[in-house]
Amino acid sequence: MAGAASVLSDDSRLSRIDQTLYKLERFLALLSGLAVFALMILAVVSVAGRNFFNQPLPGYVDWIEQAMPLIAFMGVAYTQRDGGHIRMDIVVGALRGRWLYLAEIVTTLAILILMVLLVWGSWAHFERSFDWNAPLWSRDSSMDIALPIWPAKLLAPVAFSVLCLRLVLQLWGFGRAFWRGEAQPVAVPLVLDVATQAAQEAEHVSTREDGEGEV
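The rules behind the values
Residues numbered from 1 in each chain as written. Predicted model: local features only at pLDDT ≥ 70, side-chain atom pairs only at ≥ 80, totals over all residues. Heavy atoms only, no water. Helix = DSSP H or I, 4+ residues; strand = E, 2+ residues; numbered from the N terminus. Buried < 20%, exposed > 50% of the residue type's maximum accessible area, 1.4 Å probe, protein only. Contact = heavy atoms within 4.5 Å. Areas by Shrake-Rupley, 256 points an atom, 1.4 Å probe, with all protein chains shown as cover. Axes fitted to C-alpha atoms, helices over the stretch in contact; angles between N-to-C directions. Parallel < 35°, antiparallel > 145°, perpendicular 65-115°, else oblique. Left-handed = near helix turned anticlockwise from the far one by under 90°. Core = buried A, V, L, I, M, F, W, Y, C linked by side-chain atoms within 4.5 Å. pLDDT = per-residue confidence, 0-100. Salt bridge = Lys/Arg side-chain N within 4 Å of Asp/Glu carboxyl O. Expected span 1.5 Å × (residues − 1).

### Examining the overall build of the protein
Argument step 1. The helix and strand tally for the protein stands at six helices and two strands.
Argument step 2. The helix and strand sequence of the protein, counted from the amino end, reads β-α-α-α-α-α-β-α.
Argument step 3. Counting every position in the protein, which comprises 215 residues, the buried fraction comes to 33%.
Argument step 4. Within the protein, contacts between residues at least 6 apart in sequence are counted, and of these 74% link residues at least 24 apart.
Argument step 5. Just so you have it, the protein exposes about 13600 Å², and 68% of that area is on carbon and sulfur atoms.

### Side note on the packing of helix α2 (residues 60-73) against helix α5 (residues 150-180)
Argument step 1. Put simply, α2 and α5 touch, their axes get as near as 8 Å, and they point 10° apart. By the angle between their axes, α2 is roughly parallel relative to α5. Relative to α5, the crossing made by α2 is right-handed. The segment α2 lies against α5, with Gln-66, Pro-69, Leu-70 and Phe-73 engaging Ala-152, Leu-155, Ala-156, Ala-159 and Phe-160.

### Structural notes on the nonpolar core
Argument step 1. Membership of the largest hydrophobic core comes to 27 residues, with the highest contact counts inside it found for Met-115 and Leu-163.
Argument step 2. Leaving out residues up to four positions away in the same chain, Leu-163 has contacts with Val-76, Ala-77, Gln-80 and Met-115.

### Description of the environment of Lys-153
Argument step 1. With respect to the helices and strands, Lys-153 occurs in helix α5.
Argument step 2. Along the primary structure Lys-153 and Pro-69 are separated by 84 residues, whereas in three dimensions their C-alpha atoms are 7.6 Å apart.
Argument step 3. Excluding its chain neighbours within four sequence positions, the residues that come into contact with Lys-153 are Ser-122, His-125, Phe-126, Ser-129 and Asp-140.

### Quick notes on the confidence of the model for the protein
Argument step 1. On average, residues of the protein score 87 in pLDDT, and 87% of them are at 70 or above.
Argument step 2. Mean pLDDT across the elements of the protein ranges from a minimum in helix α6 (residues 194-214), with 62, to a maximum in α5, with 95.

### Considerations on the pattern of salt bridges
Argument step 1. One pass over the structure, following the stated rule, counts eight salt bridges.
Argument step 2. Notably, a salt bridge pairs Glu-25 with Arg-166, separated by 2.8 Å at the nearest N-O pair. Of this pair, Glu-25 sits in helix α1 (residues 13-53) while Arg-166 is found in helix α5, placing the two residues 141 residues apart along the sequence. The exposure classification of Glu-25 matches that of Arg-166, with both residues buried.
Argument step 3. The salt bridge partner of Asp-82 is Arg-81, with a shortest N-O separation of 3.2 Å.
Argument step 4. Exposure remark for Asp-82: the relative accessible area of 24% places this residue in the partly exposed category.
Argument step 5. Salt bridges here are not isolated pairs; linked through shared partners, they connect Asp-18, Glu-25, Arg-81, Asp-82 and Arg-166.

### Observations regarding the side chain of Ser-15
Argument step 1. On the secondary structure map, Ser-15 appears in helix α1.
Argument step 2. Looking at Ser-15, the relative accessible area reads 1%, which means it is buried.
Argument step 3. Apart from residues lying up to four places away in sequence, Ser-15 is in contact with Ser-9, Asp-10 and Val-186.

### Regarding helix α4 (residues 97-129)
Argument step 1. Taking 1.5 Å of rise per residue, 33 residues should cover 48 Å, and α4 covers 48 Å from first to last C-alpha, within 8% of that figure.
Argument step 2. Among the residues of α4, those classed as buried are Tyr-101, Ala-103, Glu-104, Ile-105, Thr-108, Leu-112, Met-115, Val-119, Ser-122, Phe-126 and Ser-129.
Argument step 3. For α4, the secondary structure elements touched by its buried residues are α5.

Spelled out as structure tokens, the structure:
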């Protein structure tokens, strides 16, 4: 299962790189959220056109297909940075110190290998769709309004490449923590125990209630 996590920072080079990459990851996650919002607007327009003018939005399904990579892939690195992906913590959650960092190194390295293969495969898939000499540089298009598909196919290797950068950074963080025996490593998600999670939630609720009270 997924547990709440925190990411510490300091003035080290590792932390500065982490903060810089995090800005990019948040921007990509914002694009993913905007894509969801745009699909909601398109759905309203399409339903309203069907009900009031007997004419739904042309190419609605095509636009959904184009937006799917934005929604599915652009936030994966952001979620990885904050430790939000689903995982089993039964074994890893019981580890401490260097054993924990070693387990994180092994699992992070396995994910990195998989993602490098996915970058390679998704880029090859994009190359089969893209052609400088074709109309709109596309060898294939959507079924309804003939949107070029290569932009959607390009998003997968781009998002996966950012995730690879994040995984390399986390390998650096866990490796440094393992080598130095650090108790509070930076730039990596640290799984919080139940008591810490409860304390943070209580602080968040208390801060929110105080703010509402001042208004």
